Amino acid sequence: MASCAVSLAPMQHRLFLFHKPTRSAAQVALLALALTLAGCANKAPPQLYGWHGFEKNLDTYFRQDRESPDTQAKRMEDDLQKMRTASQATPPGFMAHLGLLYGKQGDLARFQQHLEAEKQQFPESQTFVDFLLRKLKPQ
């Protein structure tokens, strides 16, 4: 029996050594994952468009809140100036919506100017913009 006890001791020692790196490898993997996620969390991707208050303006327009088209257009012009200052692109629909606000005010020159700008920036909107230009031309 003594020989059994002597031969098991080195075997248990080897099992302990074999198991320990596995736990350590799991800890290293967990640490690497945590560092990777922490590195990603600190870097926000740059925005493609300068949204500013565009969503709020759309909401105001479609809810028909008590803001006049003139007030809404002024707010959007301010946002447009901020976007230009920050070298940000206008989001899809921004120029068209601004043009529609001017159209509601009867300023057909600005209406057409902004719709043409929308079509220039987003060629895929050409069919819809051309429809709007035909629909709201002075008669």
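Keep in mind it's a predicted model, so treat the numbers as computed, not measured.

Enquirer: Let's hear about helix 4 (residues 94-105): which residues, and what values?
Expert: End to end, helix 4 covers 17 Å across 12 residues, agreeing with the expected 16 Å (1.5 Å per residue, within 8%). Those residues of helix 4 that fall on the buried side of the exposure criterion are F94, M95, A96, H97, L98, G99, L101 and Y102. Tucked into the core, helix 4 has its buried residues touching helix 2 (54-63), helix 3 (69-85) and helix 5 (108-121). Phi turns positive one or two residues past the end of helix 4, at G106, with a value near 90°.

Enquirer: Describe the confidence of the model for the protein, with residues and values.
Expert: In the predicted model, the protein carries a mean pLDDT of 81, and the fraction of residues at 70 or more is 76%. When mean pLDDT is taken per element in the protein, helix 5 scores highest with 96 and helix 1 (residues 2-41) scores lowest with 60. Segment residues 1-5 is flagged for pLDDT under 50; beyond a separation of four residues in sequence, or across chains, it makes zero contacts in the model.

Enquirer: Can you break down the environment of L100 residue by residue, with the values?
Expert: Among the secondary structure elements, L100 is positioned in helix 4. In the structure, L100 is positioned 15 residues away from L115 in sequence and 8.1 Å away in space, judged by C-alpha atoms. Non-local contacts of L100, meaning those with residues more than four positions away in its chain, are made with F111, L132 and L136.

Enquirer: How would you explain the nonpolar core if you had to name every residue and give the values?
Expert: Residues F54, Y61, A73, M76, L80, M83, F94, M95, L98, L101 and Y102 constitute the largest nonpolar core, which totals 11 residues. Listed by contribution, the elements that provide at least two residues to this core are helix 2, helix 3 and helix 4. Ranked by the residues each element gives to this core, the list is headed by helix 4, at five residues. The residues contacting F94, other than those within four sequence positions of it, are F54, M76, D79, L80, M83 and E118. Of all hydrophobic cores here, the second largest spans six residues; its members include F111, L115, V129 and L132.

Definitions and limits used
Sequence order as written defines the numbering, with residues in each chain counted from 1. Only residues with pLDDT of 70 or above have their local features reported here, since the model is predicted, and side-chain atom pairs are shown and tallied only from 80 upward, although totals for entire chains, interfaces and linings are computed over all residues. Note that the side-chain values use all heavy atoms of the structure and ignore hydrogens as well as water. Secondary structure follows DSSP: runs of H or I at least 4 residues long count as helices, runs of E at least 2 residues long count as strands, and numbering of each begins at the N terminus. Working rule for helices: expected span equals 1.5 Å times residues minus one. Burial here depends on accessible area, computed with a 1.4 Å probe over protein chains only, as a share of the maximum for the residue type. Under 20% is buried, over 50% is exposed, and the range in between is partly exposed. In what follows, a contact means two residues having at least one pair of non-hydrogen atoms within 4.5 Å. In predicted models, pLDDT denotes the confidence assigned by the predictor to each residue on a 0 to 100 scale. In this description, a nonpolar core means a group of buried Ala, Val, Leu, Ile, Met, Phe, Trp, Tyr and Cys residues linked to one another through side-chain atoms lying within 4.5 Å.

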